[in-house]
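The chain contents come next:
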Amino acid sequence: MPVTPPDAQEPDTPDALQMRLAEVKSRVAAAAFTSGRSPESVRLLAVSKTFGAPIVAQAARLGQTCFGENYVQEGVAKIQALSQQSHLPKLEWHFIGPIQSNKTRLIAEHFDWVQSLERLSVAQRLSNQRPPNLPDLQVLIQVNISAEPSKSGVTVQEALDLAGAVANLPRLCLRGIMAIPQAGMSDQAQQACFGQMQQLWQTLKQQFARVDTLSMGMSADFEQAIAAGSTMVRVGSAIFGERT
Ligand SMILES: *Cc1c(COP(=O)(O)O)cnc(C)c1O
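Treat the numbers as computed from the prediction; the structure is a model and nothing was measured.

What counts as what
Residues numbered from 1 in each chain as written. Predicted model: local features only at pLDDT ≥ 70, side-chain atom pairs only at ≥ 80, totals over all residues. Heavy atoms only, no water. Helix = DSSP H or I, 4+ residues; strand = E, 2+ residues; numbered from the N terminus. Buried < 20%, exposed > 50% of the residue type's maximum accessible area, 1.4 Å probe, protein only. Polar contact = N/O pair within 3.5 Å; in protein donor to acceptor, adjacent residues only side chain to side chain. Contact = heavy atoms within 4.5 Å. Expected span 1.5 Å × (residues − 1). Arc of directions from axis to C-beta. pLDDT = per-residue confidence, 0-100. Salt bridge = Lys/Arg side-chain N within 4 Å of Asp/Glu carboxyl O. Near = heavy atom within 4 Å. Areas by Shrake-Rupley, 256 points an atom, 1.4 Å probe, with all protein chains shown as cover. 1 Å grid on protein atoms, 1.4 Å probe; cavity = no way out; pocket = protein on both sides within 12 Å on 5 of 7 lines; lining within 4 Å. Sits in = over half its atoms within 2 Å of the grid points. Nonpolar A, V, L, I, M, F, W, Y, C, P; charged D, E, K, R; others polar.

### Notes on the side chain of K78
By the element assignment, K78 lies in helix α3 (residues 72-83). Of the residues examined, K78 reaches a relative accessible area of 5% and is grouped as buried. There is a polar contact of 2.9 Å between the side chain of K78 and the side chain of E69. Aside from chain neighbours lying at most four places away, what touches K78 is S48, K49, T50, F51, G52, A53, V56, E69 and W93.

### Comments concerning α3
Taking 1.5 Å as the rise per residue, α3 with 12 residues should run 16 Å; its terminal C-alpha atoms sit 16 Å apart, in good agreement. For α3, the full list of buried residues reads V72, G75, V76, K78, I79 and L82. Projected down its long axis, α3 shows its buried positions confined to an angular sector of 165°, all on one face. Of the surrounding secondary structure, the elements contacted by the buried residues of α3 are α2 (53-61), β2 (66-69), β3 (92-95) and α4 (104-110).

### Describing the confidence of the model for the chain
This prediction gives the chain a mean pLDDT of 93; 93% of its residues lie at or above 70. The low-confidence segment residues 1-8 (pLDDT under 50) makes 3 contacts with residues lying over four places distant or belonging to another chain.

### Considerations on the pattern of salt bridges
Applying the stated criterion across every chain, the model contains 6 salt bridges. Residues E74 and K78 are paired through a salt bridge, measuring 2.8 Å at the closest nitrogen-oxygen approach. One end of the pair, E74, and the other, K78, are both in helix α3, 4 residues apart, so they sit about a helical turn from each other. Of the charged contacts in the structure, one is a salt bridge between R171 and D136, with a shortest N-O distance of 3.0 Å. Separated by 35 residues along the polypeptide, R171 in the loop between α6 (156-167) and β6 (172-178) and D136 in the loop between α5 (120-129) and β5 (137-142) bring together distant segments of the chain. Look at the salt bridges and you will find they share partners, linking E69, E74 and K78 into a network.

### Observations regarding α2
Buried within α2 are the following residues: A53, I55, V56, A57, A59 and A60. Residues of α2 that are buried in the fold lie against α1 (14-34), β2, α3, β3 and α9 (237-240). Following α2 by one or two positions, G63 adopts a phi angle in the positive range, close to 100°.

### Topic: the site of the ligand
Taken together, V47, K49, N70, I96, I180, M218, S219, R234, V235, G236, S237 and R243 make up the full set of residues adjacent to the ligand. In the environment of the ligand, an oxygen atom lies 2.9 Å from a nitrogen or oxygen atom belonging to the side chain of N70. The side chain of R243 places a nitrogen or oxygen atom 2.8 Å from an oxygen atom of the ligand. For the ligand, whose unbound accessible area comes to 390 Å², protein coverage reaches 91%. Taken atom by atom, the bulk of the ligand overlaps the largest pocket. Its residues assigned to classes, the shell around the ligand shows 5 nonpolar, 4 polar and 3 charged.

As structure tokens, this is what we get:
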């Protein structure tokens, strides 16, 4: 008899998802509390890449409304599938992956936020392609704080220049910056990265009225990121389980 392989991208049980989500939320709240901040000052973005629409729907029924996706087609398919489920709350979708120029239209037409902006040409395309019936696209500039040549993101100086240009584009609303620090750094190096992000964010906040978002922290480091002032953590595996 053929055996169906276990699909690793399905959560073991609905209960497991519920427990993991509750655990992450309470860890976020505890980290905020420890830093003298309110739990509401940190938004939880559930990174659902590689997991199917039914799992996202489950998370939505548990009250999670913001989701992050890295791949355009995969994200758009989920957005469309879930927008047809009228019993779900209104969901907010964040594009957090590398942006190819030929995919900007799909992003502009389907996502609410883009966190991975690093080129003015892409910002201009998103601005031109944002449909008139949708609210402005909310954008974060991705910063490569450790200046690793292999990683996405702009330098601090480039971020300041790009922010000025983006703020002048119609249909885009500059909300802040995002970083993916290198994995496996020493605690000290990680703290230095988070600290530099916080400093850049403060500078941008003084210059641009709508800047209120510092997106940093993932499953492995969101507590440290919150201690360093993060206002949005992007958590995948700690909520949905390991990706294959
Ligand atoms: C995958 C991903 C995450 C989530 O990573 P986890 O380690 O699973 O929490 C967060 N941010 C970005 C940009 C990602 O690509």
